[in-house]
Amino acid sequence: MKKKIANWGNYPVIESEERSFRFTEELIDLIKHTNRFTPRGNGRCYGDAALSKETISSLKYNKILSFDINAGLFECQSGLTLDKILEIIVPSGWFLPVTPGTKFITIGGAVASDVHGKNHHIDGCFSKHVLEMDILLASGEMSTCSPYDNADLFMATCGGMGLTGIITRVKFKLKKIETSYIAQKQIKAANLEEVLDLFEKNKQYTYSVAWIDCLKKGKHFGRSILILGEHAGIGEIPKKNKLNPLALPNKKQIKFPFYLPSWVLNKLTVSIFNWLFYHKNTKKVINNVVSYEPFFYPLDAILDWNKGYGKKGFIQYQFVVPIEGKQGLVEILKKISDQGIGSFLAVLKIFGNDESLISFPMKGYTLALDIPVTDKLWPFLDELDKIVISYGGRLYMSKDARMHPEMLEKGYPGLSEFKKIIRKFNLQKKIYSIQSDRLNIT
Ligand SMILES: Cc1cc2nc3c(=O)[nH]c(=O)nc-3n(C[C@H](O)[C@H](O)[C@H](O)COP(=O)(O)OP(=O)(O)OC[C@H]3O[C@@H](n4cnc5c(N)ncnc54)[C@H](O)[C@@H]3O)c2cc1C
(Lines give C-alpha, C1' and ligand atoms only; values in the text may rest on other atoms or scores of the structure.)
Protein backbone atom coordinates (compact mmCIF):
# COMPACT_ATOMS: atom_id res chain seq x y z
CA MET A 1 0.00 0.00 0.00
CA LYS A 2 1.34 3.45 -0.91
CA LYS A 3 1.68 5.94 1.94
CA LYS A 4 3.48 9.17 2.77
CA ILE A 5 6.60 8.59 4.82
CA ALA A 6 9.44 10.68 6.24
CA ASN A 7 12.24 10.19 8.72
CA TRP A 8 12.61 12.05 12.02
CA GLY A 9 13.35 15.47 10.49
CA ASN A 10 10.06 15.33 8.50
CA TYR A 11 12.07 16.43 5.48
CA PRO A 12 11.67 15.21 2.79
CA VAL A 13 8.22 13.60 2.80
CA ILE A 14 7.71 11.09 -0.01
CA GLU A 15 5.16 8.59 -1.21
CA SER A 16 6.35 5.02 -0.83
CA GLU A 17 5.07 1.49 -1.28
CA GLU A 18 6.09 0.04 2.07
CA ARG A 19 6.23 -3.74 2.48
CA SER A 20 7.02 -5.75 5.59
CA PHE A 21 7.82 -9.36 6.43
CA ARG A 22 7.70 -11.69 9.45
CA PHE A 23 9.69 -14.65 8.12
CA THR A 24 12.96 -14.95 6.24
CA GLU A 25 11.31 -16.87 3.37
CA GLU A 26 8.82 -14.04 2.98
CA LEU A 27 11.66 -11.54 2.74
CA ILE A 28 13.49 -13.63 0.11
CA ASP A 29 10.28 -13.74 -1.91
CA LEU A 30 9.76 -9.98 -1.48
CA ILE A 31 13.26 -9.20 -2.73
CA LYS A 32 12.74 -11.42 -5.79
CA HIS A 33 9.55 -9.59 -6.70
CA THR A 34 10.62 -6.04 -5.89
CA ASN A 35 12.46 -3.89 -8.37
CA ARG A 36 14.77 -1.41 -6.59
CA PHE A 37 14.13 -0.92 -2.87
CA THR A 38 15.38 0.56 0.41
CA PRO A 39 15.70 -1.30 3.74
CA ARG A 40 13.90 0.58 6.50
CA GLY A 41 13.93 0.28 10.30
CA ASN A 42 12.03 2.69 12.54
CA GLY A 43 12.69 5.84 10.44
CA ARG A 44 14.70 7.52 13.21
CA CYS A 45 17.43 8.71 10.89
CA TYR A 46 16.72 12.35 10.13
CA GLY A 47 17.08 12.90 6.41
CA ASP A 48 16.58 10.93 3.21
CA ALA A 49 18.33 7.62 3.95
CA ALA A 50 15.71 4.85 4.48
CA LEU A 51 13.47 6.56 1.90
CA SER A 52 12.54 5.66 -1.67
CA LYS A 53 9.51 4.73 -3.77
CA GLU A 54 9.73 1.11 -2.52
CA THR A 55 10.75 0.36 1.04
CA ILE A 56 11.01 -2.91 2.96
CA SER A 57 10.35 -2.46 6.67
CA SER A 58 11.95 -4.77 9.23
CA LEU A 59 9.66 -3.75 12.10
CA LYS A 60 7.63 -6.99 12.15
CA TYR A 61 10.79 -9.12 11.99
CA ASN A 62 11.64 -8.64 15.63
CA LYS A 63 12.26 -11.87 17.54
CA ILE A 64 14.88 -12.45 20.21
CA LEU A 65 16.94 -15.45 19.06
CA SER A 66 19.16 -16.02 22.12
CA PHE A 67 20.32 -14.30 25.30
CA ASP A 68 23.25 -15.79 27.21
CA ILE A 69 22.75 -14.23 30.64
CA ASN A 70 26.11 -15.44 31.95
CA ALA A 71 28.28 -14.30 29.06
CA GLY A 72 26.20 -11.21 28.13
CA LEU A 73 25.64 -12.20 24.49
CA PHE A 74 22.44 -11.16 22.72
CA GLU A 75 21.16 -12.28 19.34
CA CYS A 76 18.03 -11.00 17.60
CA GLN A 77 16.27 -10.31 14.34
CA SER A 78 17.02 -6.91 12.88
CA GLY A 79 13.63 -5.24 13.48
CA LEU A 80 13.83 -5.46 17.27
CA THR A 81 14.06 -2.01 18.83
CA LEU A 82 16.44 -0.96 21.62
CA ASP A 83 13.60 -0.15 24.04
CA LYS A 84 12.43 -3.77 23.88
CA ILE A 85 15.98 -5.06 24.31
CA LEU A 86 16.52 -2.89 27.39
CA GLU A 87 13.37 -4.30 28.99
CA ILE A 88 14.90 -7.78 28.76
CA ILE A 89 18.57 -7.17 29.52
CA VAL A 90 18.53 -4.50 32.26
CA PRO A 91 16.72 -6.62 34.90
CA SER A 92 19.35 -9.34 34.20
CA GLY A 93 22.26 -6.97 34.90
CA TRP A 94 23.27 -6.05 31.35
CA PHE A 95 23.18 -2.87 29.25
CA LEU A 96 23.66 -1.92 25.60
CA PRO A 97 27.37 -1.50 24.82
CA VAL A 98 26.60 1.67 22.83
CA THR A 99 23.33 3.55 22.57
CA PRO A 100 22.29 6.65 20.62
CA GLY A 101 20.13 9.42 22.12
CA THR A 102 16.89 7.56 21.39
CA LYS A 103 15.91 3.99 22.25
CA PHE A 104 13.35 3.84 19.43
CA ILE A 105 15.69 2.49 16.77
CA THR A 106 16.04 -1.02 15.41
CA ILE A 107 19.15 -3.18 15.66
CA GLY A 108 19.36 -3.14 11.85
CA GLY A 109 19.38 0.68 11.98
CA ALA A 110 22.03 0.63 14.74
CA VAL A 111 24.37 -1.38 12.49
CA ALA A 112 23.53 0.39 9.20
CA SER A 113 24.32 3.82 10.73
CA ASP A 114 26.99 2.31 13.01
CA VAL A 115 25.60 4.47 15.79
CA HIS A 116 27.70 6.16 18.45
CA GLY A 117 26.78 7.16 21.99
CA LYS A 118 28.15 9.36 24.73
CA ASN A 119 30.94 6.78 25.23
CA HIS A 120 32.57 6.74 21.80
CA HIS A 121 35.95 7.86 23.21
CA ILE A 122 35.93 4.75 25.45
CA ASP A 123 33.81 2.09 23.71
CA GLY A 124 33.74 3.05 20.01
CA CYS A 125 30.74 2.57 17.72
CA PHE A 126 28.05 -0.11 17.93
CA SER A 127 29.85 -2.29 15.34
CA LYS A 128 32.80 -2.76 17.68
CA HIS A 129 30.55 -5.00 19.80
CA VAL A 130 29.01 -7.00 16.97
CA LEU A 131 30.23 -10.60 16.82
CA GLU A 132 28.45 -11.67 13.65
CA MET A 133 25.44 -10.95 11.49
CA ASP A 134 23.41 -12.29 8.58
CA ILE A 135 22.74 -10.18 5.52
CA LEU A 136 20.31 -10.95 2.75
CA LEU A 137 22.00 -9.78 -0.43
CA ALA A 138 20.29 -8.30 -3.50
CA SER A 139 20.75 -11.70 -5.22
CA GLY A 140 18.48 -13.33 -2.62
CA GLU A 141 21.45 -15.19 -1.07
CA MET A 142 21.96 -15.09 2.73
CA SER A 143 25.51 -14.31 3.85
CA THR A 144 26.96 -14.53 7.37
CA CYS A 145 29.75 -12.09 8.16
CA SER A 146 31.92 -11.00 11.09
CA PRO A 147 35.14 -8.99 11.52
CA TYR A 148 36.96 -12.23 10.51
CA ASP A 149 34.67 -13.94 7.95
CA ASN A 150 33.48 -12.08 4.86
CA ALA A 151 35.18 -9.11 6.49
CA ASP A 152 34.64 -6.82 3.49
CA LEU A 153 30.88 -7.34 3.70
CA PHE A 154 30.99 -6.76 7.46
CA MET A 155 33.02 -3.56 7.14
CA ALA A 156 30.84 -2.07 4.43
CA THR A 157 27.63 -2.96 6.28
CA CYS A 158 28.66 -1.16 9.49
CA GLY A 159 27.82 2.45 8.68
CA GLY A 160 26.94 1.49 5.09
CA MET A 161 23.37 2.84 5.33
CA GLY A 162 21.80 -0.47 4.28
CA LEU A 163 23.44 -0.52 0.84
CA THR A 164 25.07 -3.97 1.08
CA GLY A 165 21.82 -5.84 1.75
CA ILE A 166 19.12 -6.35 4.38
CA ILE A 167 20.61 -7.09 7.79
CA THR A 168 18.46 -9.88 9.21
CA ARG A 169 20.27 -11.21 12.31
CA VAL A 170 22.77 -9.54 14.66
CA LYS A 171 24.70 -11.09 17.55
CA PHE A 172 26.44 -8.64 19.89
CA LYS A 173 28.12 -8.29 23.29
CA LEU A 174 26.46 -6.48 26.19
CA LYS A 175 27.92 -4.39 29.01
CA LYS A 176 27.70 -5.64 32.62
CA ILE A 177 25.92 -3.36 35.11
CA GLU A 178 25.26 -3.65 38.86
CA THR A 179 22.31 -1.25 38.86
CA SER A 180 20.04 0.49 36.37
CA TYR A 181 21.19 3.89 37.67
CA ILE A 182 23.80 6.38 36.52
CA ALA A 183 26.04 8.40 38.81
CA GLN A 184 25.85 11.73 37.04
CA LYS A 185 27.89 14.91 37.32
CA GLN A 186 26.76 18.14 35.67
CA ILE A 187 29.17 21.04 35.25
CA LYS A 188 28.18 24.47 34.00
CA ALA A 189 30.71 25.97 31.58
CA ALA A 190 30.67 29.71 30.98
CA ASN A 191 31.84 29.45 27.37
CA LEU A 192 33.11 27.17 24.62
CA GLU A 193 36.74 27.31 25.68
CA GLU A 194 35.83 26.15 29.17
CA VAL A 195 33.66 23.26 27.99
CA LEU A 196 36.34 21.97 25.60
CA ASP A 197 38.84 22.13 28.42
CA LEU A 198 36.43 20.24 30.69
CA PHE A 199 35.97 17.52 28.05
CA GLU A 200 39.73 17.01 27.94
CA LYS A 201 40.08 16.93 31.72
CA ASN A 202 37.22 14.46 32.18
CA LYS A 203 38.11 11.98 29.46
CA GLN A 204 38.22 9.16 32.01
CA TYR A 205 34.41 9.30 32.37
CA THR A 206 32.70 6.60 30.29
CA TYR A 207 29.89 8.92 29.23
CA SER A 208 30.11 12.61 28.38
CA VAL A 209 27.98 15.09 26.45
CA ALA A 210 27.49 18.87 26.50
CA TRP A 211 24.40 20.89 25.64
CA ILE A 212 25.45 24.21 24.14
CA ASP A 213 23.47 27.45 23.91
CA CYS A 214 24.50 28.40 20.39
CA LEU A 215 22.83 31.82 20.34
CA LYS A 216 25.08 33.39 22.96
CA LYS A 217 27.74 35.90 21.90
CA GLY A 218 30.65 37.65 23.59
CA LYS A 219 32.16 36.19 26.75
CA HIS A 220 29.30 33.66 27.06
CA PHE A 221 29.78 32.39 23.51
CA GLY A 222 29.23 28.61 23.65
CA ARG A 223 28.05 28.48 27.27
CA SER A 224 27.03 24.94 28.07
CA ILE A 225 26.26 22.23 30.55
CA LEU A 226 28.60 19.26 30.45
CA ILE A 227 27.02 16.01 31.64
CA LEU A 228 29.29 13.15 32.74
CA GLY A 229 28.23 9.72 33.90
CA GLU A 230 29.13 6.18 35.00
CA HIS A 231 26.92 3.16 35.63
CA ALA A 232 26.34 3.38 39.37
CA GLY A 233 27.54 0.58 41.67
CA ILE A 234 25.21 -0.82 44.32
CA GLY A 235 26.93 1.26 47.00
CA GLU A 236 26.19 4.51 45.16
CA ILE A 237 22.41 4.31 44.79
CA PRO A 238 19.90 5.60 47.36
CA LYS A 239 18.84 3.13 50.06
CA LYS A 240 15.25 2.99 48.79
CA ASN A 241 16.44 1.71 45.40
CA LYS A 242 18.67 -1.03 46.80
CA LEU A 243 15.78 -3.50 47.12
CA ASN A 244 15.49 -3.59 43.33
CA PRO A 245 18.74 -2.12 41.96
CA LEU A 246 18.03 -3.26 38.39
CA ALA A 247 14.52 -1.80 38.23
CA LEU A 248 13.26 -0.56 34.88
CA PRO A 249 12.39 3.16 34.82
CA ASN A 250 8.76 4.26 34.97
CA LYS A 251 7.27 4.83 31.54
CA LYS A 252 6.37 8.51 31.75
CA GLN A 253 5.78 9.97 28.32
CA ILE A 254 3.86 12.90 27.00
CA LYS A 255 2.92 13.34 23.37
CA PHE A 256 3.54 16.46 21.29
CA PRO A 257 -0.03 17.04 20.13
CA PHE A 258 0.33 18.80 16.74
CA TYR A 259 2.78 20.47 14.36
CA LEU A 260 3.72 23.91 15.71
CA PRO A 261 3.29 26.77 13.23
CA SER A 262 6.73 27.67 11.88
CA TRP A 263 6.68 31.25 13.29
CA VAL A 264 6.73 29.91 16.88
CA LEU A 265 10.40 29.00 16.61
CA ASN A 266 12.31 32.24 16.38
CA LYS A 267 15.38 33.81 17.91
CA LEU A 268 13.42 35.06 20.92
CA THR A 269 11.64 31.80 21.83
CA VAL A 270 14.79 29.74 21.33
CA SER A 271 16.81 32.20 23.49
CA ILE A 272 14.22 31.92 26.28
CA PHE A 273 14.31 28.12 26.15
CA ASN A 274 18.13 28.10 26.21
CA TRP A 275 18.21 30.59 29.11
CA LEU A 276 15.86 28.39 31.15
CA PHE A 277 17.93 25.30 30.39
CA TYR A 278 21.20 26.93 31.45
CA HIS A 279 19.80 28.54 34.60
CA LYS A 280 17.83 25.53 35.86
CA ASN A 281 21.14 24.38 37.40
CA THR A 282 21.74 26.92 40.11
CA LYS A 283 25.10 25.43 41.17
CA LYS A 284 28.30 25.19 39.13
CA VAL A 285 28.58 21.42 39.80
CA ILE A 286 25.77 19.00 40.61
CA ASN A 287 26.34 15.34 41.51
CA ASN A 288 23.36 12.99 41.63
CA VAL A 289 22.15 9.49 40.80
CA VAL A 290 19.49 9.12 38.11
CA SER A 291 17.78 6.29 36.29
CA TYR A 292 19.34 5.41 32.93
CA GLU A 293 16.29 6.74 31.07
CA PRO A 294 16.68 10.52 31.62
CA PHE A 295 20.45 10.18 31.29
CA PHE A 296 20.51 8.43 27.90
CA TYR A 297 17.12 9.30 26.45
CA PRO A 298 15.92 12.70 27.73
CA LEU A 299 14.17 13.48 24.43
CA ASP A 300 12.22 10.21 24.36
CA ALA A 301 10.08 11.55 27.22
CA ILE A 302 8.20 13.67 24.66
CA LEU A 303 6.80 11.48 21.91
CA ASP A 304 6.73 13.17 18.47
CA TRP A 305 8.80 16.18 19.66
CA ASN A 306 9.92 16.58 16.05
CA LYS A 307 6.51 18.18 15.35
CA GLY A 308 7.77 21.20 17.30
CA TYR A 309 9.73 22.21 14.18
CA GLY A 310 6.56 22.61 12.10
CA LYS A 311 5.27 20.89 8.97
CA LYS A 312 8.19 21.95 6.79
CA GLY A 313 10.46 19.86 9.01
CA PHE A 314 14.05 20.39 10.10
CA ILE A 315 17.57 19.32 9.32
CA GLN A 316 19.93 17.96 11.88
CA TYR A 317 23.35 19.16 10.80
CA GLN A 318 25.90 16.88 12.49
CA PHE A 319 29.57 17.20 11.71
CA VAL A 320 32.84 16.05 13.24
CA VAL A 321 36.19 17.86 13.11
CA PRO A 322 39.53 16.42 14.26
CA ILE A 323 40.81 17.56 17.68
CA GLU A 324 43.42 19.78 16.03
CA GLY A 325 40.67 21.34 13.87
CA LYS A 326 38.56 22.50 16.78
CA GLN A 327 38.79 26.07 15.48
CA GLY A 328 36.28 24.83 12.88
CA LEU A 329 33.82 24.27 15.71
CA VAL A 330 34.31 27.86 16.86
CA GLU A 331 33.78 29.20 13.31
CA ILE A 332 30.57 27.23 12.81
CA LEU A 333 29.11 28.24 16.18
CA LYS A 334 30.00 31.86 15.41
CA LYS A 335 28.11 31.66 12.10
CA ILE A 336 25.09 30.17 13.88
CA SER A 337 25.02 32.81 16.61
CA ASP A 338 25.62 35.65 14.09
CA GLN A 339 22.75 34.48 11.88
CA GLY A 340 20.55 33.84 14.93
CA ILE A 341 19.40 30.69 13.19
CA GLY A 342 16.88 29.04 15.49
CA SER A 343 18.73 26.00 16.74
CA PHE A 344 17.85 24.87 20.25
CA LEU A 345 20.70 23.64 22.39
CA ALA A 346 23.28 21.93 20.23
CA VAL A 347 24.80 18.63 21.34
CA LEU A 348 28.58 18.36 21.59
CA LYS A 349 30.45 15.06 22.09
CA ILE A 350 34.01 13.85 21.91
CA PHE A 351 35.00 10.92 19.69
CA GLY A 352 37.90 8.52 20.15
CA ASN A 353 39.92 6.71 17.47
CA ASP A 354 38.00 4.98 14.74
CA GLU A 355 39.36 2.80 11.95
CA SER A 356 36.04 1.93 10.30
CA LEU A 357 35.64 2.02 6.53
CA ILE A 358 32.59 4.24 6.20
CA SER A 359 31.31 5.00 9.73
CA PHE A 360 30.97 8.63 10.74
CA PRO A 361 33.17 9.03 13.86
CA MET A 362 36.82 10.14 13.75
CA LYS A 363 38.96 11.28 16.68
CA GLY A 364 37.65 14.77 17.39
CA TYR A 365 34.61 16.78 18.36
CA THR A 366 31.14 16.31 16.94
CA LEU A 367 28.36 18.86 17.08
CA ALA A 368 24.69 18.27 16.18
CA LEU A 369 22.41 21.23 15.46
CA ASP A 370 18.68 21.09 14.71
CA ILE A 371 17.63 23.80 12.25
CA PRO A 372 14.13 24.35 10.79
CA VAL A 373 13.82 24.09 7.01
CA THR A 374 13.54 27.48 5.25
CA ASP A 375 14.64 28.63 1.79
CA LYS A 376 17.62 30.43 3.35
CA LEU A 377 18.88 27.25 4.98
CA TRP A 378 20.44 25.56 1.94
CA PRO A 379 23.05 28.22 1.02
CA PHE A 380 23.80 28.63 4.73
CA LEU A 381 24.56 24.91 5.17
CA ASP A 382 26.73 24.98 2.02
CA GLU A 383 28.80 27.65 3.81
CA LEU A 384 29.09 25.44 6.90
CA ASP A 385 30.18 22.50 4.71
CA LYS A 386 33.13 24.55 3.44
CA ILE A 387 34.31 25.14 7.01
CA VAL A 388 33.90 21.47 7.96
CA ILE A 389 35.95 20.34 4.95
CA SER A 390 38.63 22.98 5.44
CA TYR A 391 39.27 21.57 8.93
CA GLY A 392 39.39 17.94 7.73
CA GLY A 393 35.95 16.97 9.04
CA ARG A 394 32.84 15.30 7.66
CA LEU A 395 29.03 15.00 7.98
CA TYR A 396 26.95 12.12 9.38
CA MET A 397 25.00 10.41 6.58
CA SER A 398 22.37 9.25 9.03
CA LYS A 399 21.33 12.86 9.66
CA ASP A 400 21.80 14.15 6.15
CA ALA A 401 19.20 15.21 3.55
CA ARG A 402 21.15 17.66 1.39
CA MET A 403 24.94 17.26 1.26
CA HIS A 404 26.59 17.34 -2.16
CA PRO A 405 28.46 14.23 -3.41
CA GLU A 406 31.77 16.18 -3.37
CA MET A 407 31.36 16.74 0.37
CA LEU A 408 30.99 13.01 0.96
CA GLU A 409 34.00 12.29 -1.23
CA LYS A 410 36.22 14.79 0.57
CA GLY A 411 35.13 13.69 4.04
CA TYR A 412 35.29 9.91 3.71
CA PRO A 413 38.66 8.50 2.56
CA GLY A 414 37.17 4.96 2.50
CA LEU A 415 34.45 5.92 -0.01
CA SER A 416 35.95 4.37 -3.15
CA GLU A 417 36.65 1.07 -1.34
CA PHE A 418 33.09 1.19 0.01
CA LYS A 419 31.69 1.70 -3.50
CA LYS A 420 33.76 -1.26 -4.76
CA ILE A 421 32.25 -3.53 -2.08
CA ILE A 422 28.74 -2.25 -2.88
CA ARG A 423 29.29 -3.17 -6.55
CA LYS A 424 30.30 -6.70 -5.46
CA PHE A 425 27.32 -7.43 -3.17
CA ASN A 426 24.54 -5.11 -4.37
CA LEU A 427 24.07 -6.39 -7.91
CA GLN A 428 22.47 -3.95 -10.37
CA LYS A 429 22.32 -1.44 -7.46
CA LYS A 430 19.00 -3.04 -6.58
CA ILE A 431 19.29 -1.66 -3.05
CA TYR A 432 19.37 2.10 -2.93
CA SER A 433 17.79 5.14 -1.27
CA ILE A 434 17.05 8.70 -2.31
CA GLN A 435 20.19 9.58 -0.39
CA SER A 436 22.46 7.00 -2.03
CA ASP A 437 21.36 8.13 -5.51
CA ARG A 438 21.82 11.80 -4.56
CA LEU A 439 25.32 11.05 -3.27
CA ASN A 440 26.27 9.03 -6.38
CA ILE A 441 26.85 5.87 -4.34
CA THR A 442 24.29 3.83 -6.29
C1 LIG B 1 16.25 11.75 19.02
C2 LIG B 1 17.32 11.04 18.24
C3 LIG B 1 18.60 10.95 18.77
C4 LIG B 1 19.60 10.28 18.06
N5 LIG B 1 20.84 10.21 18.62
C6 LIG B 1 21.83 9.58 17.96
C7 LIG B 1 23.11 9.42 18.55
O8 LIG B 1 23.36 9.86 19.68
N9 LIG B 1 24.06 8.74 17.85
C10 LIG B 1 23.80 8.19 16.62
O11 LIG B 1 24.70 7.57 16.03
N12 LIG B 1 22.60 8.32 16.03
C13 LIG B 1 21.61 8.99 16.67
N14 LIG B 1 20.36 9.10 16.09
C15 LIG B 1 20.16 8.52 14.75
C16 LIG B 1 19.68 7.05 14.78
O17 LIG B 1 20.26 6.35 15.84
C18 LIG B 1 20.07 6.36 13.48
O19 LIG B 1 19.64 7.09 12.37
C20 LIG B 1 19.54 4.94 13.34
O21 LIG B 1 20.11 4.33 12.21
C22 LIG B 1 18.01 4.88 13.20
O23 LIG B 1 17.61 3.53 13.21
P24 LIG B 1 16.21 3.08 12.60
O25 LIG B 1 15.93 1.69 13.04
O26 LIG B 1 15.17 4.08 12.89
O27 LIG B 1 16.57 3.02 11.06
P28 LIG B 1 16.03 3.92 9.82
O29 LIG B 1 16.04 5.33 10.23
O30 LIG B 1 14.78 3.36 9.32
O31 LIG B 1 17.20 3.65 8.77
C32 LIG B 1 18.48 4.18 8.96
C33 LIG B 1 19.44 3.55 7.94
O34 LIG B 1 19.58 2.17 8.24
C35 LIG B 1 19.20 1.37 7.12
N36 LIG B 1 18.56 0.17 7.67
C37 LIG B 1 17.59 0.13 8.62
N38 LIG B 1 17.29 -1.16 8.89
C39 LIG B 1 18.08 -1.93 8.10
C40 LIG B 1 18.24 -3.34 7.92
N41 LIG B 1 17.54 -4.25 8.59
N42 LIG B 1 19.15 -3.76 7.02
C43 LIG B 1 19.89 -2.88 6.32
N44 LIG B 1 19.79 -1.56 6.46
C45 LIG B 1 18.90 -1.08 7.33
C46 LIG B 1 18.29 2.26 6.28
O47 LIG B 1 18.30 1.88 4.91
C48 LIG B 1 18.93 3.63 6.52
O49 LIG B 1 20.02 3.79 5.65
C50 LIG B 1 19.33 9.72 16.77
C51 LIG B 1 18.04 9.82 16.24
C52 LIG B 1 17.04 10.48 16.96
C53 LIG B 1 15.66 10.57 16.36
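Describing the site of the ligand
Not every one of the 33 residues close to the ligand is listed here, only the nearest: Pro-39, Arg-44, Thr-106, Ser-113 and Ser-398. The separation between an oxygen atom of the ligand and a polar main-chain atom of Gly-43 is 2.9 Å. At a separation of 2.7 Å, an oxygen atom of the ligand approaches a polar backbone atom of Arg-44. When the ligand sits alone it has 970 Å² of accessible area, and the protein chains cover 97% of it. When contributions to the shell around the ligand are tallied by element, the ones reaching two or more residues are β3 (38-40), α3 (107-112) and β10 (166-173). In terms of residues, the shell around the ligand owes the most to one element, α3, which gives 3 residues. The residue inventory of the shell around the ligand, partitioned by class, reads 15 nonpolar, 14 polar and 4 charged.

A short note on the environment of Phe-351
Relative to the helices and strands, Phe-351 is located in strand β19 (residues 346-351). Separated by 233 residues in sequence, Phe-351 and Lys-118 have C-alpha atoms that sit 8.6 Å apart. Contact partners of Phe-351, with chain neighbours within four places excluded, come to His-116, His-120, His-121, Val-320, Phe-360, Pro-361, Met-362, Lys-363, Gly-364 and Thr-366.

Description of the environment of Leu-427
Looking at where Leu-427 falls in the secondary structure, it is placed in the loop between α12 (415-425) and α13 (434-438). Along the sequence, Leu-427 and Leu-137 sit 290 residues apart, while their C-alpha atoms lie 8.5 Å from each other.

A closer look at the sheet that holds strand β13 (residues 207-212)
Within the open sheet, the 8 strands sit side by side as β16-β12-β14-β13-β19-β20-β18-β21. Their pairing is antiparallel. Two strands bound the open sheet, and with one partner strand each, they are β16 (285-291) and β21 (394-395). In terms of strand pairing, β13 meets β19 through 3 bridges, oriented antiparallel. Within β19, the position partnered with Trp-211 by the bridge is Val-347. Contacts between helix α10 (residues 377-390) and the sheet are confined to β18 (314-322), β20 (364-372) and β21, with β18 contributing the most and set at about 10 degrees to the helix.

Some points on the pairing of strand β6 (residues 73-77)
Most of β6 is tucked away: 4 of the 5 residues are buried. The sheet contact formed by strand β5 (residues 64-68) and β6 spans 4 bridges and is antiparallel. Note on β6: the bridge partner recorded for Phe-67 is Phe-74. Taken together, β5 and the strand that follows it, β6, pair antiparallel across an intervening segment of 4 residues, in which Gly-72 is found at a positive phi of about 70 degrees. As defined by bridge partners, β6 adjoins β10 across 5 bridges and the pair is classed as antiparallel. Residue pairing for β10: Glu-75 is matched across the bridge by Lys-171.

Here's the deal with the nonpolar core
For soluble globular proteins, the rule of thumb is that nonpolar side chains tend to be buried together. Counting residues in each nonpolar core, the largest one holds 112 residues, and the members touching the most others are Ile-85, Met-133, Phe-172 and Leu-348. For this core, the leading source of residues is α10, giving 6 residues. Membership of the second largest hydrophobic core comes to 11 residues, among which are Leu-27, Leu-30, Ala-138 and Ile-166.

Conventions used here
Residues numbered from 1 in each chain as written. Predicted model: local features only at pLDDT ≥ 70, side-chain atom pairs only at ≥ 80, totals over all residues. Heavy atoms only, no water. Near = heavy atom within 4 Å. Polar contact = N/O pair within 3.5 Å; in protein donor to acceptor, adjacent residues only side chain to side chain. Areas by Shrake-Rupley, 256 points an atom, 1.4 Å probe, with all protein chains shown as cover. Helix = DSSP H or I, 4+ residues; strand = E, 2+ residues; numbered from the N terminus. Nonpolar A, V, L, I, M, F, W, Y, C, P; charged D, E, K, R; others polar. Contact = heavy atoms within 4.5 Å. Pairing = 2+ DSSP bridges. Axes fitted to C-alpha atoms, helices over the stretch in contact; angles between N-to-C directions. Buried < 20%, exposed > 50% of the residue type's maximum accessible area, 1.4 Å probe, protein only. Core = buried A, V, L, I, M, F, W, Y, C linked by side-chain atoms within 4.5 Å.

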